[in-house]
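# Results of the structural survey
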Amino acid sequence: MAKSTHNPDSTLSIPPSGRLRLRDYLAVASMLFALFFGAGNLIFPLHLGQLSGSNWLQAGLGFLITAVVLPLLSVLAIAITRADGVYGIGLPLGPAFATVFMVLIHATIGPLFGTPRTATVSFTVGLAPLIPAQHQKTGLLIFTTVFFIAAFALAYKENDILSNLGKILNPLFLVLLFIFFLVAFLSPLGSAAAHGPQNAAYLASSGALARGFLEGYNTMDALAGLAFGVTIVTTIKLMGMEEERKVAGVTAQSGFLAMGAVGVIYILLIIIGAMSLNRFPLSENGGVAFSQIVQAYAGTVGQAFLATLITLTCLTTAVGLVAAFGQDFHKRFPKVSYHVWLALSCLLSFTVANFGLDTIISWSTPVLMLLYPYCIALILLSVFSPLFEKDGTVYFWVVLFITLPALLDMVTTAPAVISQSAFGLFCSGLRSHLPLASLGLTWLIPALAGLFIGPIAHLRERAIRR
């Protein structure tokens, strides 16, 4: 990561009073919004609305926990612990764990899954319907080439990320999204309560809540929040705010503004998804649903509108992801420059993107089932770390108890080549005996057990030291 010094040429700088202005907070919040809100944040809530039907509220509440509250807590975790990235969040468990955790998180939200998905979703949902089937692969190759060159260029200068995202791309995206909401609610496709759940898992209110919670994993935002921490801290310091306590305060306040806006948009999208059942059957995914809804209102012109909307929001997220990858890896491995790490991230993302969206999604699901329990635990432990002096003992017991169920969840949800093997079937049988297996939350009870034992061990060690 480049040295966090104020750039006198920056368009945003700390005023003589030593306090940021409202417009500065809004600019940072706008950047945070742009970093978090990608194509998945548009399509997953729509699909959730279709799946849950009349139970959209319960499913939406579950979705907000993992897609809004957890990402907000991840930003607060960075602020409270004054960490500058994923590595700092995992450091209470030792440098080795912190390094492995950082690599896994960045690989997942970066070049292996998250960043390639920004390109493939924008192409599949926005442009593929306009391109003949025989030219799809060529079209994807050309699109991803242009897409990642643009992402590299926008992230090249660290001090320009705030201006590029917060002041240019994000406002344009919000204007287009506002137009979509305006049309959808002035001329609704029907009542959101007219059709029941389209999936048996959503029939009961508790089931809808749990399924919404798990659907929130797909946004990857809780993982991304930890990774974006280094970008957020760097940007605020480049504005001239050097004192750690004040940087933490700006991060927290901007996070509340950004994630509040994200939450409102999610609820509106979930309602629109439920309303769309009055015109269309349950779609394969939210991308198909989005395309159907837009074309119902505006035909081919609507599809062109959707292509612009999706590409803008994907590009903003891609810029944040490749920048965070470059900054965090340069900080941990400083012999390689930020720009080399940035180029490597873009090149790997381009390569994976050309395997196609279906392949990316099928392999990302098991990885998310493994990483999310760790991520949730570390975020919550970081937020409450002042209560136990950030003692690694508490972290250790929680992470230890999570490991087995998280590994079983990963194997069970992997593609058939793994999940249907003899080893996969053995893991599935073992997993079925764990509490909350039917809800996909096998890690929760063990995590609570670790959270009970950890503080006791912490108090005992403190008493011995005295």
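Data block above holds the structure.
It should be emphasised that the depicted structure is a prediction, and the values quoted were computed from it without experimental measurement. (Residues numbered from 1 in each chain as written. Predicted model: local features only at pLDDT ≥ 70, side-chain atom pairs only at ≥ 80, totals over all residues. Heavy atoms only, no water.)

Moving on, we come to the packing of helix α3 (residues 56-81) against helix α9 (residues 205-215). Relative to each other, α3 and α9 sit at 35°, their axes nearing to 6 Å. Considering how the two elements wind past one another, α3 and α9 form a crossing that is right-handed. Taking contact as the criterion, the partners of Q58, A59, L61, G62, F63, I65 and T66 in α3 are, on α9, S205, A208, L209, G212, F213 and E215. A per-class count over the contact of α3 with α9 returns seven nonpolar, five polar and one charged. (Axes fitted to C-alpha atoms, helices over the stretch in contact; angles between N-to-C directions. Helix = DSSP H or I, 4+ residues; strand = E, 2+ residues; numbered from the N terminus. Left-handed = near helix turned anticlockwise from the far one by under 90°. Contact = heavy atoms within 4.5 Å. Nonpolar A, V, L, I, M, F, W, Y, C, P; charged D, E, K, R; others polar.)

On to a nonpolar patch on the surface. Residues V175, F178, I179, L182, V183 and L186 make up a contiguous nonpolar surface patch of roughly 570 Å² in combined accessible area. Tracing the sequence through the fold places L186 in helix α8 (residues 161-186). (Patch = residues over 30% accessible without salt bridge, like charges linked within 9 Å, V, L, I, M, F, W, Y side chains within 5 Å. Areas by Shrake-Rupley, 256 points an atom, 1.4 Å probe, with all protein chains shown as cover. Salt bridge = Lys/Arg side-chain N within 4 Å of Asp/Glu carboxyl O.)

A separate point is the nonpolar core. Soluble, globular proteins show a tendency: their nonpolar side chains are buried together. F37, L42, F180 and Y217 are the most contacted members of the largest nonpolar core, which has 139 residues in total. Of all the elements, helix α12 (residues 286-332) adds the most residues to this core, at 17 residues. Shared between two domains, this core holds at least three residues of each, these being domain 1 (22-354) and domain 2 (359-465). Once residues lying within four places of it in the same chain are set aside, the contact partners of Y217 are T66, L368, M369, Y372, I376, L441 and W443. (Core = buried A, V, L, I, M, F, W, Y, C linked by side-chain atoms within 4.5 Å. Buried < 20%, exposed > 50% of the residue type's maximum accessible area, 1.4 Å probe, protein only. Domains from an automatic or database assignment.)

Moving on, we get to the layout of surface pockets. Empty space within the largest pocket amounts to approximately 1,000 Å³. Along the wall of the largest pocket there are 34 residues; nearest its centre are F44, N285, L357, D358 and I361. The greatest single-element share of the lining of the largest pocket, amounting to six residues, is contributed by helix α14 (residues 357-383). Taken together, the residues of the lining of the largest pocket sort by class into 14 nonpolar, 14 polar and six charged. Here the lining of the largest pocket spans two domains, and each of domain 1 (22-354) and domain 2 (359-465) adds at least three residues to it. Every residue lining the second largest pocket is counted, 20 residues in all, and those nearest its centre are I376, L380, W443, L448 and L451. Going through the elements one at a time, α3, α14, α15 (392-412) and α18 (444-465) are the ones with two or more residues in the lining of the second largest pocket. (1 Å grid on protein atoms, 1.4 Å probe; cavity = no way out; pocket = protein on both sides within 12 Å on 5 of 7 lines; lining within 4 Å. Points joined across faces, edges and corners; volume = space filled by probe spheres on them.)

Listed in full, the buried residues belonging to helix α17 (residues 422-431) are G424, C427 and R431. The arc that holds every buried residue of α17, seen down its axis, measures 65°, which confines them to one face. Exposed side chains of α17 directed beyond 90 degrees from the buried face belong to A422 and F426. (Arc of directions from axis to C-beta.)

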